[in-house]
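# Per-entry structural report
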Amino acid sequence: ADVAPLAPMDLTYSVDWSGLALGEARVTLNPDPNKRGCYDYRSATHPIALVKALVGEPYQESLFCLRDGKVVSLLMKNVSPGRQQDEYQLTFDWDKHVVTNQAGEVRPLPDGGTDVFSLEQAVRLWVRAHAADSSPPEADIIMVDNKHIQTYKFHFVGHEAVDVPAGHFQALVVERFDNPGKIAKFWISPDRGYIVLRGEQRNGNGPLITMQLEH
């Protein structure tokens, strides 16, 4: 509780896969009633009928706390009914500095390690902290998923007007720049609590996945 708390949110995004509408995702963030300064962060995807038949309804959940203005992951779940090989759960033990998956496999955990789902909240906090800076610093965020631990680097691109289904907004634009083959770009609204208005992600030659705020 050493920084301004994150306000609860309940947002709906449209999800697009290289021009093909996939459905909607409901994203919620709520304070943990039992742990001050901690949060329950969830995303439940509701695909259109054809996509649902192929991949089911993917779901992600992260429990994290804020410490020194940064995200400290405690637990992350990734549920993918149509692709069970992509399902996993990670438990973060900061006393021992290890992360353990659902099979009991243990890996060393570096300081600042953030699960891949809460990474967006880590970016949001960095933007909130430096939005008014004349020369904002770059962000180094250590991403932890079921296979990798690597550092993502983000920087401010500038200000941009953006139209999404929820309306017309002025946004701060930030993007990942450490790997030219991977896209992670966010349009963030200072006027709406630094929520993400639009997000784009691509891995290599894969499809461009776009999320846009519906309401």
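It should be noted that the structure appears before, not after, this text.
Summary of the structure given here.

### Examining helix H2 (residues 119-130)
Think of an α-helix as turning once every 3.6 residues; residues three or four places apart then point the same way. With 12 residues, H2 should reach 16 Å at 1.5 Å per residue; the first-to-last C-alpha distance of 17 Å fits that figure. Buried within H2 are the following residues: Leu119, Gln121, Ala122, Val123, Arg124, Leu125, Trp126 and Val127.

### Looking at the environment of Arg192
Mapped onto the elements, Arg192 comes out in the loop between strand E13 (182-189) and strand E14 (195-203). Each C-alpha atom of the pair Arg192 and Phe169 lies 9.5 Å from the other, and the pair is 23 residues apart in sequence. Filtering out sequence-adjacent residues up to four positions away, Arg192 remains in contact with Leu11, Phe169 and Leu213.

### Some thoughts on the side chain of Ser73
Topologically, Ser73 is positioned in strand E5 (residues 70-79). Judged by its relative accessible area of 0%, Ser73 falls in the buried class. Only 2.7 Å separates the side chain of Ser73 from the side chain of Asp115, close enough to count as a polar contact. Contacts of Ser73, omitting those with residues within four sequence positions, involve Leu63, Phe64, Phe92, Trp94, Gly113, Thr114, Asp115 and Ser118.

### Some points on the pairing of strand E3 (residues 38-47)
Here strand E2 (residues 20-31) runs beside E3; their pairing, made up of 9 bridges, is antiparallel. When the bridges of E3 are listed, Val27 appears paired with Ser43. Hairpin connection between E2 and E3: a loop of 6 residues separates the two successive antiparallel strands, and Gly37 in this loop has a positive phi of roughly 80 degrees. Of the pairings in the sheet, the one linking E3 to strand E4 (residues 59-67) comprises 7 bridges and is antiparallel in character.

Criteria and thresholds
- Residues numbered from 1 in each chain as written.
- Predicted model: local features only at pLDDT ≥ 70, side-chain atom pairs only at ≥ 80, totals over all residues.
- Heavy atoms only, no water.
- Helix = DSSP H or I, 4+ residues; strand = E, 2+ residues; numbered from the N terminus.
- Expected span 1.5 Å × (residues − 1).
- Buried < 20%, exposed > 50% of the residue type's maximum accessible area, 1.4 Å probe, protein only.
- Contact = heavy atoms within 4.5 Å.
- Polar contact = N/O pair within 3.5 Å; in protein donor to acceptor, adjacent residues only side chain to side chain.
- Pairing = 2+ DSSP bridges.

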